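# Overview (structure and organization)
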Amino acid sequence: MLKIKDLRVSAENKDILKGLSLDVKPGEVHAIMGPNGSGKSTLSNVLAGKYGYDVSHGSACFNGEDLLDMAPEDRARKGLFLAFQYPVVIPGLNNLYFLRQAINSIRLSKNEKILDAGQCLLLAKKYLAELDLDDSFLSRNLHEGFSGGEKKRNEMLQMMMLEPQLAILDETDSGLDVDALKTVAGVVNKMRSADRSFLIITHYQRLLDYIKPDHVHILSDGKIIKSGGPELALHVESSGYVGLGES
Amino acid sequence: MSLSMDYFKKYYEFAAEKSVGDLKQIRAKFYDRFLAHGLPNRKSESWRYAKINSWFENSYACPSVERGLSDFHDESFMNEVDILVCDGVVNIVNTDIDVVVMDLKQALQTYPEKVMSHLTKSYNYNNTGNPFADLAAAAWSSGVFIDVPPGYTLVKPLKIVHVFTSEVFLNSYNIFNLGVGAKATIVEYFTGNEDISYAHNFTTSINLEAGAVLTNEKLQNSSPFAVVQDYRIITQKNSSEYVQRQYGFGAKVARDETLVNFIGDGAKNSFSGLSFAASCSWHSSHVKILHNSSNCHSDQKFHSLVSDRGESSFLGHIFVPKTIAATLAYQDSKSLLLGPLSRSNVKPYLEIFADDVVCTHSASVGQLDKGALFYLRARGMTESEAYSILLSSFASELIKDCQSDFLRLKAAEKVKKLSSLIFIEDGV
């Protein structure tokens, strides 16, 4: 589904990703762990199409298409979803209206029937309970006055409604209490399927206590220095990142 | 060549020639002060100055007294209009209104004391200098008089449409008077033919007696060639409440100025304004609030969108004298610059001599948040859709509270349309 080959990326003349390769197959859950400044968020931003990055080498293909050549909206329409580490606040933009715009943008691109306001409301309500959120959440402005946990849950709500093929969770666990962490993990586990993949970017093992990844990768200084199974995350939790690159 | 004061003479003479007695005298007093004060210049208006010459490139006609009902139709609002003012000619369309609503000329015959009292108040309050307000009071040839009696609640909003169909320079003086405990909503819509140039210079004197509540909403949807000056003088007595929501679109030059005087304890005042200065237009909003009584509350919130070579300015002036207690005064202005040549000047101006005051102010000028643009695009919206949504969101903070469905939808529609034009022109 996602094939990244020798990806080299810089920003403001600073090399960040220095030859990253990754192969995510349909149905797989990959966790990427790494210390601060290793390039985790750069990877997620580059895959989603954020401006300000210079890709000097390598490729990233999504279902056989060159991802790096697409506009951000085209990547979303092809089924790529990024759960932001810091979701933006947009005062004046009603949350439900935003959700409807997002869903219908993607539906229109696939020549699917768009949802009217009532249908969108029903769909959103279906998922709100799973996220421990009440209906008033939809009438608020996008992330305005939201707690950190509410912002992350709103990202999950979007993911549930947009039903992407590949979801990248960029440190979604940061700032979450245990209950919220379980809720987020529950959403991911429920959405796991044979044709949907997840790329979970995290600092810590704790999210992986609830989501069992197929593969764990350690990212350090812009490269994946070690890959393994869930046991690798446990090793990081007990021993840290030190020495992993040498083994 | 600088603009001569003689330019305005014919408009004054046109209006004043048939005046007699006290009216003639007070018109002359206003005009003399207009001449003495002269036109705004860089010294008197400093940072918010715009070249006056460009305002009056045309030799506008005097408003014709012969014009009747306009055939100008602008959507559903025209079907519900109570008062239609076409090129200055006042038509009371709805004759079932159970408060006093009439042409100011008629009010001069019926309620001469009330009209003269407002004119005198305007003369006394405007002594610090808006020359165009003096000109409007000297040279008015049109005006609407609304008087809501004490204790009366006007259930339905009064809807006034001002339409410009010819290249006139209209000076207008309007009076909104609410008696003790009266309640009303007045909705005003200004519009004109898109391809003509006209100028209107309005002064509106608003008086709220004790406990009166007035909501005044207005939308300027002017021709891009129009010159628009709107000055409001608001006097508020004990426990009165005034809410003003204004939306400004179009016009070559638009100046909105408001002077509020709290002359009774416990009065409240809330202003919000949205302007969109597109192309080469220049929009200015200036609010001066005199907290001359205790326990009064004022709140100002202004947003401006500026594109291309447009320019906007906001001055929020709050004055609290030393002897006044328990004042609450809030002010917030935000400007969004949408082009490299767009400009915005904002100036919170607080003169506080009292100790017992809670006052906050904020002013920001910035560009569209690229992070927000990316966020929306990452959810599947195109760049132009995301751009339009962000501008509409910025505007909706002020539009959402508008009680008039027509104005709210019209304002949202104007923002959306102007946003899409910018996107195409700038090739963002």
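Keep in mind that what you see is a predicted model, and the values were worked out from it rather than measured.

Our focus in this paragraph is empty space enclosed by the protein. Residue and element names in this part refer to chain B. Enumeration over the complete set of coordinates arrives at three cavities of 30 Å³ or more. What the largest cavity holds in volume is close to 190 Å³. Lining the largest cavity we find 26 residues, and of these L274, S275, H283, S284 and S285 sit closest to its centre. Of all the elements in the fold, those that place two or more residues in the lining of the largest cavity are strand 11 (241-249), strand 12 (253-262), strand 13 (268-277), strand 14 (282-290), strand 15 (297-306), strand 16 (311-320) and strand 17 (327-337).

Take the packing of helix 3 (residues 95-109) of chain A against helix 6 (residues 148-162) of chain A next. Residue and element names in this part refer to chain A. One can describe the packing of helix 3 onto helix 6 by two numbers: an axis separation of 10 Å at closest approach and a directional angle of 35°. Crossing hand, helix 3 versus helix 6: right-handed. Of the residues in helix 6, those touching helix 3 at N95, F98, L99, A102, I103 and I106 are N154, L157, Q158, M161 and L162. Of the residues that constitute the contact of helix 3 with helix 6, the class distribution is eight nonpolar, three polar and no charged.

Residues and elements named next belong to chain A. For helix 4 (residues 117-128), with twelve residues, the first-to-last C-alpha span of 16 Å sits near the 16 Å given by 1.5 Å per residue. Along helix 4, the residues classified as buried are C120, A124, Y127 and L128. Projected down its long axis, helix 4 carries its buried residues within an arc of 105°, all on one side. In helix 4, the exposed residues that point more than 90 degrees away from the buried face are L122 and K126. Contacts from the buried residues of helix 4 go to helix 3, helix 5 (136-139) and helix 6.

Moving on to the side chain of D173 of chain A. Residues and elements named next belong to chain A. Relative to the helices and strands, D173 is located in the loop between strand 9 (166-170) and helix 7 (178-191). No salt bridge is formed by the buried D173; the nearest opposite charge belongs to R206, separated by 4.5 Å. A distance of 2.6 Å separates polar atoms of two side chains, one belonging to D173 and the other to T202.

For the rest of this paragraph, the subject is the packing of helix 6 of chain A against helix 7 of chain A. Residue and element names in this part refer to chain A. It is the contact of helix 6 with helix 7, at a shortest axis distance of 11 Å, that shows an interaxial angle of 10°. It follows that helix 6 is roughly parallel to helix 7 by the angle criterion. When helix 6 is examined against helix 7, the residues R153, M156, M159 and M160 are found in contact with a partner set consisting of A180, V184, V187, V188 and M191.

The next point concerns the domain arrangement of chain B. Residue and element names in this part refer to chain B. Structurally, chain B comprises domain 1 (5-264) and domain 2 (369-428). On a C-alpha basis, the centres of domain 1 and domain 2 stand 31 Å from each other. In this assembly, 16 residues from domain 1 lie in contact with 14 residues from domain 2. Both sides of the domain 1 and domain 2 interface together cover about 1,200 Å² of buried area, and 66% of this is carbon and sulfur. Here domain 1 and domain 2 share zero salt bridges between them. Taken together, the connections running from domain 1 to domain 2 amount to five residue pairs in polar contact (both at pLDDT 80 or more). Of all the secondary-structure elements, those providing two or more residues to the side of domain 1 that touches domain 2 are strand 7 (183-192), strand 9 (213-221) and strand 11. In terms of residue count, strand 9 provides more of the side of domain 1 that touches domain 2 than any other element does, five residues in total. Within the side of domain 1 that touches domain 2, the residues separate by chemical class into six nonpolar, four polar and six charged.

Let's shift gears to helix 8 (residues 230-239) of chain A. For the α-helix, the turn length of 3.6 residues means that residues three or four positions removed from each other point alike. Residue and element names in this part refer to chain A. Along helix 8, the positions that sit buried rather than exposed are L232, A233 and V236. The arc enclosing the buried residues of helix 8, seen along the axis, measures out at 100°, which places them on a common side. Helix 8 presents E231 and S238 as exposed residues on the side facing more than 90 degrees away from its buried surface. Looking at the buried side of helix 8, the elements it contacts are strand 3 (29-33), strand 11 (215-220) and strand 12 (223-228). Of the residues trailing helix 8, G240 is marked for its positive phi of about 80°.

Residues and elements named next belong to chain A. Structurally, the position occupied by L207 is in the loop between strand 10 (197-202) and strand 11. Judged by its relative accessible area of 1%, L207 falls in the buried class. Spatially, the C-alpha atom of L207 lies 9.6 Å from that of E171, the residues being 36 residues apart in sequence. For L207, the contacting residues outside a window of four places in its chain are D173, L181, A185 and I200.

All names here are of chain A. The mixed open sheet is built from six strands, whose spatial order is 6-9-10-3-11-12. Every interior strand has two partners, whereas the edge strands, strand 6 (80-83) and strand 12, have only one. The sheet shows a mean angle of 20° between the axes of neighbouring strands, direction not considered. Bridge count for strand 3 against strand 10 is five bridges, and the pairing is parallel. Paired with H30 across the strands is L199, a residue of strand 10. Of the strands in this sheet, strand 3, strand 6, strand 9, strand 10 and strand 11 touch helix 1 (residues 40-48), which is tilted by about 140° from strand 6.

What follows is about the interface of chain A and chain B. Counting from both sides, the interface comprises 29 residues of chain A and, opposite them, 21 residues of chain B. For the chain A and chain B pair, buried surface summed over both sides reaches about 2,000 Å², with 64% attributable to carbon and sulfur atoms. Interface area lost by chain A to chain B is led by Y51, E73 and F84 of chain A, which between them contribute 27%. If you look at where chain A meets chain B, you find two salt bridges. Salt-bridge contacts for R377 of chain B lead to E73 of chain A; the nearest nitrogen and oxygen are separated by 2.7 Å. Applying the counting criterion to the chain A and chain B interface returns nine residue pairs in polar contact (both at pLDDT 80 or more). Elements supplying a minimum of two residues to the side of chain A that touches chain B: helix 2 (72-78), strand 6, strand 7 (90-94), helix 3 and helix 6 of chain A. Ranked by residue count, the leading element in the side of chain A that touches chain B is helix 3 of chain A, at five residues. Per-class residue counts for the side of chain A that touches chain B are 19 nonpolar, six polar and four charged.

This next bit is on the nonpolar core. The nonpolar side chains of a soluble globular protein tend to be buried with one another. Core analysis: the biggest nonpolar cluster contains 108 residues, and M159 of chain A together with L305 and L376 of chain B have the highest contact counts within it. Top element by residues in this core is helix 9 (residues 383-399) of chain B. It accounts for nine residues. Among all residues touching M159 of chain A, those that are not within four sequence positions of it are F81, P164, A167, L169, V187, V188, M191 and F198 of chain A. Listed in part, the 39 residues of the second largest apolar core include M5, F8, A107 and A139 of chain B.

Next up on the list: the layout of surface pockets. Looking at the largest pocket, its volume works out to about 590 Å³. The set of elements that each furnish at least two residues to the lining of the largest pocket consists of strand 7 and helix 3 of chain A together with helix 9 and helix 10 (405-426) of chain B. The element contributing the most residues to the lining of the largest pocket is helix 9 of chain B, with seven residues.

Bringing unusual backbone geometry into the picture now. For N63 of chain A, which is not a glycine, the phi torsion comes out positive at approximately 50°. Here N63 of chain A is to be found in the loop between strand 4 (54-62) and strand 5 (65-66). Phi is positive for D308 of chain B, close to 55°, though the residue is something other than glycine.

The rules behind each value
Residues numbered from 1 in each chain as written. Chains lettered and ligands numbered in written order. Predicted model: local features only at pLDDT ≥ 70, side-chain atom pairs only at ≥ 80, totals over all residues. Heavy atoms only, no water. 1 Å grid on protein atoms, 1.4 Å probe; cavity = no way out; pocket = protein on both sides within 12 Å on 5 of 7 lines; lining within 4 Å. Points joined across faces, edges and corners; volume = space filled by probe spheres on them. Helix = DSSP H or I, 4+ residues; strand = E, 2+ residues; numbered from the N terminus. Axes fitted to C-alpha atoms, helices over the stretch in contact; angles between N-to-C directions. Left-handed = near helix turned anticlockwise from the far one by under 90°. Contact = heavy atoms within 4.5 Å. Nonpolar A, V, L, I, M, F, W, Y, C, P; charged D, E, K, R; others polar. Expected span 1.5 Å × (residues − 1). Buried < 20%, exposed > 50% of the residue type's maximum accessible area, 1.4 Å probe, protein only. Arc of directions from axis to C-beta. Lys, Arg positive; Asp, Glu negative; His and termini not counted. Salt bridge = Lys/Arg side-chain N within 4 Å of Asp/Glu carboxyl O. Polar contact = N/O pair within 3.5 Å; in protein donor to acceptor, adjacent residues only side chain to side chain. Parallel < 35°, antiparallel > 145°, perpendicular 65-115°, else oblique. Domains from an automatic or database assignment. Buried area = accessible area lost by both parts, 1.4 Å probe. Pairing = 2+ DSSP bridges. Core = buried A, V, L, I, M, F, W, Y, C linked by side-chain atoms within 4.5 Å.

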